[in-house]
Amino acid sequence: MSVAIKAEKLSKAYQIGEFSTGTISRDIERWWALARGKEDPFLKIGETNVRSEKSGSNIVWSLKDLDFEVNKGEALGIIGKNGAGKSTLLKVLSQVTTPTTGKVKMKGRVASLLEVGTGFHPELTGRENIFLNGAILGMTKSEVKKKFDEIVDFSGVERYIDTPVKRYSSGMYVRLAFAVAAHLDSEILIVDEVLAVGDAEFQKKCVGKMDDISKGEGRTILFVSHVLSMIKSLCKKTMILEDGKIRSIGASDEMIKEYLSSKKQTNKVWEKGSVGDHVAELNSAKLTDENGKKVEFVDLNKNTYLEYTYTVKEDWVNFHPNIHVFDQNGNYVFVTSDDKMSGEQKKRKGTYRSRIKFPKQFFNTGIFTIGLALTSYPGTVIHFFENDAITFEVKEDLGLRTNAYTGPMPGVIRPNMDWETQKI
Amino acid sequence: MDTKTQNAGGEDWDLVITSKKSWFDLQLNQIWRYRDLLILFVRRDVVAFYKQTILGPLWYFIQPIATTIVFTFVFGNLAGLSTDGLPQPLFYLAGITAWNYFADCLSKTSTVFRDNQQIFGKVYFPRVISPLSIVLSNLLRFGIQMMLFIGLIIYFLTQGVSFPVGWELLLFPVFVIFMAAQGLGLGMTITAMTTKYRDLSYLVQFGVQLMMYATTVIYPLSSLEGKMYWVVALNPMTFVIEGIKKSTLGVGVLSLETFIYSAFMSLFILAMGFLIFNRVEKNFVDTI
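Residues numbered from 1 in each chain as written. Chains lettered and ligands numbered in written order. Predicted model: local features only at pLDDT ≥ 70, side-chain atom pairs only at ≥ 80, totals over all residues. Heavy atoms only, no water.

### Describing the sheet that holds strand 1 (residues 3-15) of chain A
Read across the sheet, 4 strands follow the order 2(A)-1(A)-4(A)-3(B) without closing on themselves; strand pairing throughout is antiparallel. Sheet topology places strand 2 (59-71) of chain A together with strand 3 (15-17) of chain B at the edges, where each strand pairs with a single neighbour. The mean angle between the axes of side-by-side strands here comes to 15°, regardless of whether they run parallel or antiparallel. Where strand 1 of chain A lies against strand 2 of chain A, 9 bridges are found, and the strand directions are antiparallel. Its bridge partner being in strand 2 of chain A, Ala 7 of chain A is matched across the sheet by Phe 68 of chain A. Strand contacts of helix 2 (residues 86-93) of chain A: strand 1, strand 2 and strand 4 (101-106) of chain A together with strand 3 of chain B, with the helix running at about 65° to strand 2 of chain A, the strand carrying the most contacts. (Pairing = 2+ DSSP bridges. Helix = DSSP H or I, 4+ residues; strand = E, 2+ residues; numbered from the N terminus. Axes fitted to C-alpha atoms, helices over the stretch in contact; angles between N-to-C directions. Contact = heavy atoms within 4.5 Å.)

The following block contains the structure:
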């Protein structure tokens, strides 16, 4: 079988921290400060710690030495946590940005779909947008013309094809946009999480179309998704990315199993040693019950506390501790910070402990991860931000359910709402 | 990047993505491949403009007419500046129409990266298509404004004013290309630099206005002497505007030397714009 995509030592670095300040006047100011031997007034302290383990240098390797091959006609799924490098990889492969080192070789025309409806203009009609979007995605006018009827047919908006798309419902808009993309005529197709759009019925149609593309038409597909079932049904092979490297690559079933089990490793305690900058450091973190005892998992029907300690090394820092909660699919659930700290207390150096109460019946069952951070103002300086510091599973004692339903409840959170029902 | 590359194994690759950035790899073949997109972008800009405004193309007339009236009053009547013996409204309208085209090309292309951030971050196509489409869609606007200008010429012809226009009229399209080249080249340079320095875009707004006064829009080059003459003459747009006046109204400075100077400067500015733009386009997504 011939190789369609071959990546060799592909790496991509992003520079963070000291960087251009963005304006000439500030660059001159910085240059003047440095020339007089003073500190750089615009150095953003702590930014280097946004991604763990990389402190000490202001280069973050979003992708590091990736080697892989994709055969012609093969569909490769790509999975990984947030920040694992999936989107960077897709950006490099779609030529939106260039790699820092290494290379990728490809055979055949490449089309990439990082978003549906890129370049759609609200004032233009559906017909005009089909041509425009097709051209943006790399089709010529005659190619779009050839497929025009198919596209319109697939989208199901033929009645409104000469109406400006600003009058479309969001569902129609997405259907039209996907229809154009689905009819791209390229040997290699790079697809980001775009299938999670539209209503359930249309989603099914999209997945079916993707299936045709990979199995029937013999085209090569790279497919990123958080929806593991979709990866499973579309791709034979899957690659797990982790911290910018390939963790493993192999048959999709096995990879998904491996990925899920790696995520299930919940750590209720964080004790890596201190991370942070010269102003503040994170020391430890744990999940506890009401009595301050460490818990193994979160019981849906009990209050749980997150406790973390940190040292503030300078006086008069206006700091705000904050935490960032994600669900198992990497979705941001919420951010919360302690904003009521005031007066002398917060301004003195020393070691602090922040305790956050997660009330019972708040999280739904499932796995959640928490990032711990400390930010100070003015300037929104991040002193530490430890991603994935705590991972926990929320479990439920089914015996406590008061209704007859015993299956899993959908949703990310499961708050106990005040219901009142009366016969009237 | 899209060239057939023969590697050691003797395999054919259609596309090789590397970090290599050559200063002179301008990918002109890529522009040709995406020519349909160029046309569609122009169409989009024009159609969207018509649909979003009540007055539609009337807007194209209002601005030059209003400016001409103000200039005629302020510079013609109050300041009494020379207009090379031409009727004042005609002299100003010629300068304004030409200058507007240059200024629009420059200011719109100078924000290309910022305006297209979203789309550039999601899909690849030769980035240079965007500034090119701006220059072309502005050409349409320029054409419409030229009709106003021609209308005014006809009016003055019926009033008995004669214009000594000769073979120079043939050079008119060439001067339009020079204006487009300079606007495009400068705009691309600025947009490439604004990915790093945002404050440059503020400079553009009043920079273009100031530059107009250093170009022969509101006064003829023939009215200047000595040092001032040379300062204004070295401005690459000056001989282009003079050339446009000479070719359409028969009055203005045009010689073989000034033509060669305009051609050289236009080419130089355009090449500089292309090179700098090309340098930045591949990674600007990471910095903006």
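### Points about the interface of chain B and chain A
Taken residue by residue, the interface counts 42 residues in chain B and 50 residues in chain A. When chain B packs against chain A, the two sides together hide about 4000 Å² of surface, and 60% of this comes from carbon and sulfur. Of all residues in chain B, the largest losses of buried area upon contact with chain A belong to Trp 13, Ile 17 and Lys 122 of chain B, amounting jointly to 17% of the total for that side. Inspection of the region where chain B meets chain A yields 1 salt bridge. In this assembly, chain B and chain A are joined by 6 residue pairs in polar contact (both at pLDDT 80 or more). For the side of chain B that touches chain A, the elements supplying multiple residues, two or more each, are strand 2 (12-13), strand 3, helix 2 (35-52), helix 6 (117-120) and helix 13 (284-287) of chain B. The element that contributes the greatest number of residues to the side of chain B that touches chain A is helix 2 of chain B, accounting for 10 residues. Its residues assigned to classes, the side of chain B that touches chain A shows 19 nonpolar, 8 polar and 15 charged. Where strand 4 of chain A meets strand 3 of chain B, 3 bridges bridge the pair, whose relative direction is antiparallel. (Buried area = accessible area lost by both parts, 1.4 Å probe. Salt bridge = Lys/Arg side-chain N within 4 Å of Asp/Glu carboxyl O. Polar contact = N/O pair within 3.5 Å; in protein donor to acceptor, adjacent residues only side chain to side chain. Nonpolar A, V, L, I, M, F, W, Y, C, P; charged D, E, K, R; others polar.)

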